[in-house]
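Residue strings, one per chain:
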Amino acid sequence: MTVTEYEAKSILTSTGGFLTGFSHTLNPYVGCSLGRSLCGTACYAAEMRFAPREPVPWGQSLKVKINAASLYRRDHARVRRKGAPLSIFMSSVTDPYVPQERRYRITRGILAEMLELPPDTLVLQTHTPNVLWDIE
């Protein structure tokens with residue numbers, strides 16, 4: 001498993017396609033470290049347009065967006081200045097509770113920012129019970 005830390009340029013991505021009803025997606029990580037152990041061998045994310053650019057097969061690498069919480073604060077302000085609704089689907093192409101979340105707390109940091117600057121709607125999709133780490 002390859003884990004890389006990096007500073008992302010943004011955290012909110014405008015939606016389209018199958019996510020009708022949401023204004024943005026939010027993915028705290030790039031890639032997936034679950035190795036298809038929960039999604040099965042037909043992992044849809046592995047077939048998406050960005051997957052072939054990855055240096056290792058999907059499920060064997062993870063990029064950690066170490067500045068995700070501060071980016072949420074900035075991107076939230078940008079969306080609100082436009083007067084647009086903020087309806088977030090978290091996460092469309094990764095799991096927000098990969099095992100490395102225990103160490104990095106990226107998702108937890110974003111959720112803490114959302115307590116102060118809430119979106120209008122938040123749907124958090126995970127395949128793990130690790131969401132219970134942040135139950136409070």
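Residues numbered from 1 in each chain as written. Predicted model: local features only at pLDDT ≥ 70, side-chain atom pairs only at ≥ 80, totals over all residues. Heavy atoms only, no water.

**Student:** Lay out unusual backbone geometry with the relevant residues and their values.
**Tutor:** Across the junction of M90 and S91, the peptide omega takes the value 15°, indicating a cis bond. For S91, the location among the structural elements is in the loop between strand 6 (87–90) and helix 2 (101–104). (Helix = DSSP H or I, 4+ residues; strand = E, 2+ residues; numbered from the N terminus.)

**Student:** Pulling in residues and values, what's your account of the packing of aromatic side chains?
**Tutor:** One pass over the structure, following the stated rule, counts two aromatic pairs. Judged by centre distance (5.3 Å) and plane angle (70°), the ring pair of F22 and F89 falls under edge-to-face. In this pair, F22 is assigned in the loop between strand 2 (12–14) and strand 3 (24–26) and F89 in strand 6, connecting sequence segments 67 residues apart. Where Y97 meets W133, the ring centres are 6.2 Å apart and the plane angle is 75°; that geometry is what we call edge-to-face. With Y97 in the loop between strand 6 and helix 2 and W133 in the segment after strand 7 (121–124), this residue pair connects regions lying 36 residues apart in the sequence. With a relative accessible area of 0%, Y97 lands in the buried category. (Phe/Tyr/Trp six-rings, centres within 6.5 Å; stacked < 30°, edge-to-face > 60°. Buried < 20%, exposed > 50% of the residue type's maximum accessible area, 1.4 Å probe, protein only.)

**Student:** Please give an account of the nonpolar core that cites residues and values.
**Tutor:** Counting 19 residues, the largest nonpolar core has L12, L26, Y72 and I88 as the members making the most contacts within it. Sorting the residues of this core by element identifies strand 5 (61–65), helix 1 (68–81), strand 6 and helix 3 (106–116) as the ones contributing at least two each. The greatest single-element share of this core, amounting to four residues, is contributed by helix 1. Residue contacts for Y72: discarding those within four places in its chain leaves I11, L12, L26, L86, I88, E113, M114, L117, P118 and P119. (Core = buried A, V, L, I, M, F, W, Y, C linked by side-chain atoms within 4.5 Å. Contact = heavy atoms within 4.5 Å.)

**Student:** Quick one: what's the story with the packing of helix 1 against helix 3, residue by residue and with numbers?
**Tutor:** Closest axis-to-axis distance for the helix 1/helix 3 pair is 8 Å, and the angle between their directions is 30°. When the axis of helix 1 is compared with that of helix 3, the two are roughly parallel. For the pair helix 1 and helix 3, the sense of crossing is right-handed. Along the contact surface, helix 1 presents A68, A69, Y72 and R73, while helix 3 presents I106, G109, I110, E113, M114 and E116. (Axes fitted to C-alpha atoms, helices over the stretch in contact; angles between N-to-C directions. Parallel < 35°, antiparallel > 145°, perpendicular 65-115°, else oblique. Left-handed = near helix turned anticlockwise from the far one by under 90°.)

**Student:** Give me the layout of surface pockets: which residues, what numbers.
**Tutor:** Taken as a whole, the second largest pocket encloses approximately 180 Å³ of empty space. What lines the second largest pocket is R108, L111, A112, M114, L115, L122, D134 and E136. In terms of residue count, helix 3 provides more of the lining of the second largest pocket than any other element does, five residues in total. In the lining of the second largest pocket, the residues fall into five nonpolar, no polar and three charged. (1 Å grid on protein atoms, 1.4 Å probe; cavity = no way out; pocket = protein on both sides within 12 Å on 5 of 7 lines; lining within 4 Å. Points joined across faces, edges and corners; volume = space filled by probe spheres on them. Nonpolar A, V, L, I, M, F, W, Y, C, P; charged D, E, K, R; others polar.)

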